[in-house]
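# Summary of the model geometry
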Amino acid sequence: MSEYIGYHEIDAATDAVRARLTIIPEVALILGSGLGELAESIQDPTIIPTREIPFWPVSTVPGHKGRLVIGELEGKKVLVLQGRTHYYEGHNISKIGLPIRVMQRLGIKTLILTNASGGLNNDFYPGDLMIIKDHLALLPMAGENPLRGPNLDEFGPRFPDMSAVYSPKLIALTEQVAAEMGIAMHKGVYVCLSGPTFETPADCRFLKMIGVDAVGMSTVPEAIVARHGGMDILGIATITNKIDPDGTNKASHQEVLEVGDQLAPKLMRVIRGVLRKLA
Ligand code: HPA
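Residues numbered from 1 in each chain as written. Predicted model: local features only at pLDDT ≥ 70, side-chain atom pairs only at ≥ 80, totals over all residues. Heavy atoms only, no water.

Looking only at helices and strands, the protein chain features 7 helices and 9 strands. Taken over C-alpha atoms, the radius of gyration comes to 17 Å for the protein chain, in line with the 19 Å a tight globule of 279 residues would show. Seen along its three principal axes, the alpha-carbon backbone of the protein chain occupies a region of about 50 × 40 × 35 Å. Across the 279 residues that make up the protein chain, the buried fraction comes to 57%. Long-range contacts, defined as pairs at least 24 residues apart, comprise 84% of the intrachain contacts of the protein chain with a sequence gap of at least 6. (Helix = DSSP H or I, 4+ residues; strand = E, 2+ residues; numbered from the N terminus. Rg over C-alpha atoms; globule rule 2.2 N^0.38 Å. Buried < 20%, exposed > 50% of the residue type's maximum accessible area, 1.4 Å probe, protein only. Contact = heavy atoms within 4.5 Å.)

The next point concerns the site of the ligand. Contacts to the ligand come from Ala-116, Ser-117, Gly-118, Phe-198, Glu-199, Val-215, Gly-216, Met-217, Thr-240, Asn-241, Asn-249 and Val-256. Contacts to the ligand include Ala-116, whose backbone N or O atom sits 3.3 Å from a nitrogen atom. Between a nitrogen atom of the ligand and a main-chain N or O atom of Val-215, the distance comes to 3.4 Å. Coverage of the ligand by the protein chains reaches 95% of its 260 Å² of free accessible surface. Breaking the shell around the ligand down by element, the ones donating at least two residues are strand 5 (110–119), strand 8 (214–216) and strand 9 (232–242). Sort the elements by how many residues they give to the shell around the ligand and strand 5 lands first, with 3 residues. Classifying every residue of the shell around the ligand by side-chain character gives 5 nonpolar, 6 polar and 1 charged. (Near = heavy atom within 4 Å. Polar contact = N/O pair within 3.5 Å; in protein donor to acceptor, adjacent residues only side chain to side chain. Areas by Shrake-Rupley, 256 points an atom, 1.4 Å probe, with all protein chains shown as cover. Nonpolar A, V, L, I, M, F, W, Y, C, P; charged D, E, K, R; others polar.)

What the second largest pocket holds in volume is close to 190 Å³. What lines the second largest pocket is a set of 13 residues, and nearest its centre among them are His-135, Ala-137, Asn-145, Met-162 and Ile-224. Listing elements by their share of the lining of the second largest pocket, those giving two or more residues are strand 6 (129–136) and helix 3 (138–141). Take the lining of the second largest pocket: its biggest share by element is 3 residues, from strand 6. Its residues assigned to classes, the lining of the second largest pocket comprises 9 nonpolar, 2 polar and 2 charged. (1 Å grid on protein atoms, 1.4 Å probe; cavity = no way out; pocket = protein on both sides within 12 Å on 5 of 7 lines; lining within 4 Å. Points joined across faces, edges and corners; volume = space filled by probe spheres on them.)

Turning our eyes to something else, we now look at helix 2 (residues 98–105). Among the 8 residues of helix 2, 7 are classified as buried, and the element is accordingly described as predominantly covered. Along helix 2, the positions that sit buried rather than exposed are Leu-98, Pro-99, Ile-100, Arg-101, Val-102, Met-103 and Gln-104. The inward-facing, buried residues of helix 2 contact helix 1 (7–18), strand 1 (27–31), strand 4 (76–82), strand 5 and helix 6 (220–228). Following helix 2 by one or two positions, Gly-107 has its phi on the positive side, about 90°.

Quick look at the environment of Arg-272 now. With respect to the element layout, Arg-272 can be found in helix 7 (residues 253–277). What makes Arg-272 partly exposed here is its relative accessible area of 24%. Spatially, the C-alpha atoms of Arg-272 and Glu-74 are 6.2 Å apart, while their sequence positions differ by 198 residues. Dropping the residues within four chain positions of it, Arg-272 is found in contact with Ser-41, Leu-73 and Glu-74.

Inspection of the entire model under this criterion finds 3 cavities of 30 Å³ or more. Of the volumes computed, that of the largest cavity is approximately 50 Å³. Contributing to the lining of the largest cavity are Thr-85, His-86, Tyr-87, Ile-96, Cys-192, Met-217, Ser-218, Thr-219, Pro-221 and Glu-222. Grouping the constituent residues of the lining of the largest cavity by class yields 5 nonpolar, 4 polar and 1 charged.

Our focus in this paragraph is the side chain of Thr-174. Within the element layout of this structure, Thr-174 appears in helix 4 (residues 168–181). Classification of Thr-174 by relative accessible area gives buried; the value is 0%. Non-local contacts of Thr-174, meaning those with residues more than four positions away in its chain, are made with Ile-131, Met-185, Leu-234, Ile-236, Val-270 and Val-274.

So this is what it looks like as structure tokens:
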């Protein structure tokens, strides 16, 4: 197989998923570390373990189940990816885009991305939620772009516009929903680093200087592939740990999972509210 994802892999994976669907999903959700429980509230779900889908980059991280859960939530037909795959697991960055390509082949136009992240902004605390208004594509700037390789013209152009990766409409809708529920949400810039190391104090000072509010190890590659294919994206970062004002990050994966568990119900309320109001 080529080092890049192509139509052959995408179509084989899509066919395997489609063969098991009883409904056509309209909205896709990708759930981050510790947030997988959201999928449990889907009624009468179709569950597809991702290891049964050809070419799917399989997730190996504790706290990530690795399955697609398809069903109805708040009157919308949703496809939830519980357990995403991360670049640090060793997959070629192009492969991180495969789940997004399958969603696009299924005709899904709206994507909700969630993640666990470290709060670098001084006003952010564990348990907070941040609407991603933009991302800093640090990995792609360094050459690791999921669109590197032959362009897949059936999905989008060679040089895609990234001037509004995260849909201003979905951001406005989410802010309205959260305000109505009395749930405070920050809005800020997310950066994806390769991981799996957490940041050194010098990393943190650098990231703060270049305008980052929240730091994680996901979301950006998926958002780039999604935008290339013309999807409308909503990104919500959950703050699972604080990066101290002096730039010290003493996060542990355990803490990330525990805080994720605690804030999941709040995130779920927001996502349900957004789904209810989606056109
Ligand atoms: N840094 C990077 N990724 C993360 C963090 C962090 O502090 N917390 C959760 N994911």
